[in-house]
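Overview (structure and organization)
Next come the chains, spelled out residue by residue.
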Amino acid sequence: MSESAKPRTGSCQCGAVQVQIQGTPLEMHLCHCSTCQKVSGSVFAALVTLKEEQLTITVKPGLDAESTLKVYKGAPGDNSGSVSERTFCSTCGSQILLRNNYMPGISMVPLGILEPYPLSEDGSAGIEGREGGDGEGWAMKPMIEYWCVRKRQWVGETGAELVFKTGPETVEDLAELKKIFGLA
Ligand SMILES: [Zn+2]
Ligand SMILES: [Zn+2]
């Protein structure tokens with residue numbers, strides 16, 4: 001775990017919003033719930049989990065943060081009882097941030113808005129980044145999968161260590177997650 005590693009960066013599609021992540025993310029997970037399907041427009045969301053303080057969100061100079069970042073609250077969707085708060089770029093619609101009320105202090109960022117892997121000096125492919133499989137590099141693999149009852153069959157096995165049929169349902173589930181997130 002090298003905390004000294006260069007911060008990971010990302011942005012929305014139009015570039016109005018930038019994110020910076022310090023240190024190593026807690027985990028990356030896939031969620032197949034209908035809310036994540038609607039929000040992403042895809043059949044699952046890939047989200048990187050962070051402690052709130054690891055994440056910095058900024059808007060392009062000259063833009064107003066309040067009007068650039070729109071927050072959509074509620075829409076518990078499948079996960080009855082939980083309230084989520086999703087932050088979007090108001091210009092291009094990219095999702096920037098997700099928070100759930102049952103995990104205070106935790107922020108989730110879509111994997112797809114992060115730079116996929118470091119480019120090499122000459123700006124070419126950056127093969128090393130893609131092949132480094134230490135879990136700390138850009139080759140991050142999903143540790144958890146949620147809502148597998150809604151998983152498309154053809155998605156197949158992802159190698160996630162923790163697989164939930166729905167969201168975390170029991171007190172034990174939540175305790176296990178909090179342990180992973182270092183919130184115990
Ligand atoms: Zn944007
Ligand atoms: Zn979801």
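Residues numbered from 1 in each chain as written. Chains lettered and ligands numbered in written order. Predicted model: local features only at pLDDT ≥ 70, side-chain atom pairs only at ≥ 80, totals over all residues.

**Concerning the overall build of the protein chain**
Operational definition: Here a helix means four or more residues in a row that DSSP labels H or I, a strand means two or more in a row labelled E, and each is numbered from the N terminus. We call two residues in contact if the C-beta atoms placed from their backbones are at most 7 Å apart.
Along the backbone of the protein chain there are four helices and 11 strands. In the protein chain, once contacts between residues fewer than 6 apart in sequence are set aside, the share between residues at least 24 apart is 51%.

**What about the sheet that holds strand β1 (residues 8-11)?**
As a reminder, the rule being used: At least two bridges found by DSSP between two strands are what make those strands a pair. Between N-to-C directions, angles span 0 to 180 degrees; the directions come from axes that are lines fitted to C-alpha atoms, helices contributing only their stretch in contact.
Read across the open sheet, the three strands follow the order β1-β2-β5; overall the sheet is antiparallel. The open sheet has two edge strands, β1 and β5 (55-59), and neither has a second partner. When the angles between neighbouring strand axes are averaged without regard to direction, this sheet yields 20°. As judged from the four bridges shared by β1 and strand β2 (residues 17-21), these two strands associate in the antiparallel manner. When the bridges of β2 are listed, Ser 11 appears paired with Gln 18.

**Quick notes on the confidence of the model for the protein chain**
Spelled out, the test is: pLDDT is defined as a per-residue confidence score from the predictor, taking values between 0 and 100.
With 80% of its residues at a pLDDT of 70 or more, the protein chain has an overall mean of 84. Here helix α3 (residues 127-131) is the element of the protein chain with the lowest mean pLDDT, 49, and β5 is the one with the highest, 98. Note that residues 131-136 has pLDDT below 50 and, in this model, eight contacts with residues that lie over four places away or in other chains.

**A word on the environment of Phe 88**
Relative to the assigned elements, Phe 88 resides in strand β7 (residues 84-89). Spatially, the C-alpha atom of Phe 88 lies 9.1 Å from that of Val 17, the residues being 71 residues apart in sequence. Ignoring anything within four residues of it in the chain, the contact list for Phe 88 reads Lys 70, Tyr 72, Gly 93, Ser 94, Gln 95 and Ile 96.

**Examining the nonpolar core**
Threshold: Connectivity within a nonpolar core runs through C-beta atoms within 7 Å, and the core itself is a set of buried Ala, Val, Leu, Ile, Met, Phe, Trp, Tyr and Cys residues. Our exposure labels follow a C-beta count within 10 Å of each residue's own C-beta, placed from the backbone: buried means 20 or more other C-beta atoms, exposed means 12 or fewer, and partly exposed covers the counts in between.
Formed by 27 residues in total, the largest nonpolar core has its most connected members in Cys 31, Ala 45, Leu 47, Val 48, Ile 96 and Val 109. In contact with Cys 31, other than residues within four places in its own chain, are Cys 36, Phe 44, Ala 45, Leu 47, Tyr 146 and Trp 147.

**A few points about unusual backbone geometry**
A positive phi angle, close to 60°, is found at Trp 147, a residue other than glycine. Checked against the element boundaries, Trp 147 lands in the loop between β10 (144-146) and β11 (162-163). Overall, the presence of 23 C-beta atoms within 10 Å leaves Trp 147 in the buried class.

**Things to note about the pairing of strand β4 (residues 45-51)**
With five of its seven residues buried, β4 lies for the most part within the structure. Direction of pairing for strand β3 (residues 27-31) relative to β4: antiparallel, over a ladder of five bridges. By the bridge assignment for β4, Leu 30 is matched with Ala 46. Of the pairings in the sheet, the one linking β4 to strand β9 (residues 106-110) comprises five bridges and is antiparallel in character.

**Quick notes on the environment of Thr 24**
You can see Thr 24 is positioned in the loop between β2 and β3. Distance in space between the C-alpha atoms of Thr 24 and Leu 50 is 8.2 Å, their sequence separation being 26 residues.

**What about the environment of Ile 144?**
If you trace the backbone, Ile 144 turns up in strand β10. Taking the C-beta count within 10 Å as the criterion, Ile 144 has 21 such neighbours and is therefore assigned buried. Sequence separation between Ile 144 and Phe 164 is 20 residues; the distance between their C-alpha atoms is 7.8 Å.

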